[in-house]
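What the coordinates show
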Amino acid sequence: MYKFITYLIFVHYRVSSVVTARSEVTFAAVTILYLYRYIKMLNMFRSLLTVICWYLRPLMKWFLRKTTRLCELQRLCYGEKAGAPRSLGVENSLLLSRSPDIKNLVVFLDRISDGRKFTGTNRDNVIQYAVHTVLRVKRINPRIHPQFGRSFAKCVEHIWGYRQLVQEIETLRTTQYDAKNEDHENKLLTLWELLMPSTELETRVTKQWQDIGFQGDDPKTDFRGMGMLGLENLVYFAREYPGPASHVLSHSHHPQYGYEFAIVGINLTSMAYHMLKDGSAKTHVYNTSRGVPTVRVFHQFYCYLFYEFDRFWIEAKPRNVMDFSYIREKFENRIRLALANPASAFRINISIDNI
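Now for a description of the structure that goes with this document. Per-chain numbering applies: the sequence of each chain, read as written, is numbered from 1 onward. The predicted nature of this model means local features are confined to residues of pLDDT at least 70 and side-chain atom pairs, given and counted, to a pLDDT of 80 or more, with totals for whole chains, interfaces and linings taken over all residues. Note: side-chain values were computed over all heavy atoms of the structure, leaving out hydrogens and water.

**Thoughts on the packing of aromatic side chains**
Side-chain rings of Phe, Tyr and Trp, where Trp is taken by its six-membered ring, are said to pair if the distance between their centres is within 6.5 Å; with planes under 30 degrees apart they count as stacked, over 60 as edge-to-face, and otherwise as tilted. As enumerated under the stated definition, the model contains 18 aromatic pairs in all. Between Tyr-177 and Phe-223, the aromatic rings sit 5.7 Å apart at their centres with planes inclined by 25 degrees, giving stacked as the arrangement. With Tyr-177 in the loop between helix H7 (146-174) and helix H8 (182-195) and Phe-223 in the loop between H8 and helix H9 (227-240), this pair connects stretches of sequence that are 46 residues apart. Take Phe-223: its relative accessible area is 1%, and that puts it in the buried class. For the pair Phe-214 and Phe-223, a centre-to-centre distance of 5.6 Å together with 65 degrees between the ring planes defines the contact as edge-to-face. Each helix is a run of DSSP H or I of at least 4 residues and each strand a run of E of at least 2, with the numbering of both proceeding from the N terminus. When a residue's accessible area, from a 1.4 Å probe over protein chains only, is under 20% of the maximum for its type it is buried; when over 50% it is exposed; and in between it is partly exposed.

**With respect to the pattern of salt bridges**
Salt bridge, as used here, is a side-chain nitrogen of Lys or Arg placed within 4 Å of a carboxyl oxygen of Asp or Glu. One pass over the structure, following the stated rule, counts 18 salt bridges. A salt bridge links Asp-110 to Arg-163, with the nearest nitrogen and oxygen atoms 3.6 Å apart. Here Asp-110, found in helix H5 (residues 100-114), pairs with Arg-163, found in helix H7; they are 53 residues apart in sequence, far enough to count as distant. Look at Arg-163 and you get partly exposed, because its relative accessible area is 32%. Linking Lys-154 and Glu-157 is a salt bridge whose minimum nitrogen-to-oxygen distance equals 3.2 Å. Of this pair, Lys-154 and Glu-157 both sit in helix H7, 3 residues apart, which is roughly one turn of the helix. Take Lys-154: its relative accessible area is 34%, and that puts it in the partly exposed class. When salt bridges with common partners are traced through the structure, they connect Glu-185, Arg-204, Asp-218 and Lys-220 into a single cluster.

**Some thoughts on the side chain of Glu-185**
With respect to the helices and strands, the residue Glu-185 is situated in helix H8. When residues no more than four places from it in sequence are discounted, the contact partners of Glu-185 are Tyr-177, Ala-179 and Arg-204. Note on contacts: a residue pair qualifies if any of its non-hydrogen atoms lie within 4.5 Å across the two residues.

**Focus: unusual backbone geometry**
Backbone geometry at Arg-116 places phi at a positive 55 degrees, although glycine is not the residue there. Its location among the elements puts Arg-116 in the loop between H5 and helix H6 (120-137). One non-glycine residue, Lys-317, adopts positive backbone phi at about 50 degrees. The residue Lys-317 is located in the loop between helix H13 (295-316) and helix H14 (324-339) in this model. You can call Lys-317 exposed: its relative accessible area is 54%.

**Focus: the environment of Val-106**
By the secondary structure assignment, Val-106 is in helix H5. The buried category is assigned to Val-106, whose relative accessible area is 9%. Put simply, Val-106 and Glu-91 are 15 residues apart on the chain and 9.6 Å apart in space, counted from C-alpha to C-alpha. Every residue in contact with Val-106, bar those within four places of it in the chain, is listed here: Leu-94, Leu-95 and Trp-160.

**Digging into the nonpolar core**
If you look at the biggest cluster of nonpolar residues, it comprises 90 residues, and the most contacted ones within it are Phe-152, Phe-214, Leu-234 and Phe-306. Considering each element in turn, this core owes the most residues, 13 residues, to H13. Apart from residues no more than four positions distant in its own chain, Leu-234 is found in contact with Leu-191, Phe-214, Phe-223, Phe-261, Ala-262, Gly-265, Ile-266, Tyr-302 and Phe-306. Residues belong to a common nonpolar core when they are buried Ala, Val, Leu, Ile, Met, Phe, Trp, Tyr or Cys residues joined through side-chain atoms within 4.5 Å.

**As for helix H11 (residues 261-277)**
When the terminal C-alpha atoms of H11 are compared, their 24 Å separation across 17 residues agrees well with the 24 Å that a helix rising 1.5 Å per residue should span. Within H11, 13 of the 17 residues are buried, which leaves it mostly tucked inside the rest of the structure. With its phi angle positive at about 90 degrees, Gly-279 sits one or two positions after the end of H11. Here the expected span of a helix is defined as 1.5 Å times the quantity of residues minus one.

As structure tokens, this is what we get:
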């Protein structure tokens, strides 16, 4: 950053010496040109560094194995803290491996998780096969290193359980709400009962739905983007965290800082979904999953986002709902920054305030 600022100062003085009083446009154009060249130079340097690391990595691994008598996977399983630090390291090591057997193992595990077969007895057999393959390829004696097998197995659970979770969430997202589906209708009515226990719903299609933040008389149209995933998230939040959900709903009715509860909730479903899919949520999921990550872990992640966004929104003191996009972006950046920390593990911190 220091070098970048210094370069900007250099550009400013150099350009200022050649422009006239009427050349503000030229000044901006030349400045952008120099910035473009600087960024291009940084990208070239980054690419060169990547290539160098790619070729030096095997040499570094060989040197460390000779000096520590441990392969990279062993060093990660013994040296990194359980959870995201260890699982992310193991995942990266496996993906960068040049061993044909390890590459085939990764392809096999991907196929199992993508087919959502990483469950029950089959999961146990797959994990055992993965551990056996690594022990054989890396020439690790399980009698001398019994802890490695257990630690590596847990990492496999995390890595390919997460990949399977993405598939499960994707299925929910692409399942559109169907008013003719009794199960879908029951879940929608359950949401009303959980959020408005003292108010009876007059009819299925009614303006009452707007009291919990839907846009029109029939909520089914609001689930188009996130499908049943949006409804499942809202129901989970209202059922598992009735106090916080009621608290957030009351904030949404605030005369000055109010917002549409359900619509914002579905929008946060989209945020949680994209963080899960692009891998940003791995730190949280790996740190909070004792075994294979399940849909429940995603629901809890969503509940944290909703509860914290409500707090963030109130503290921002928006002028009106038109500030939503700006505040949402700031909130997402804050969450992504927190997720960049391998120790991240989000939990709802219950606190009641008055606004």
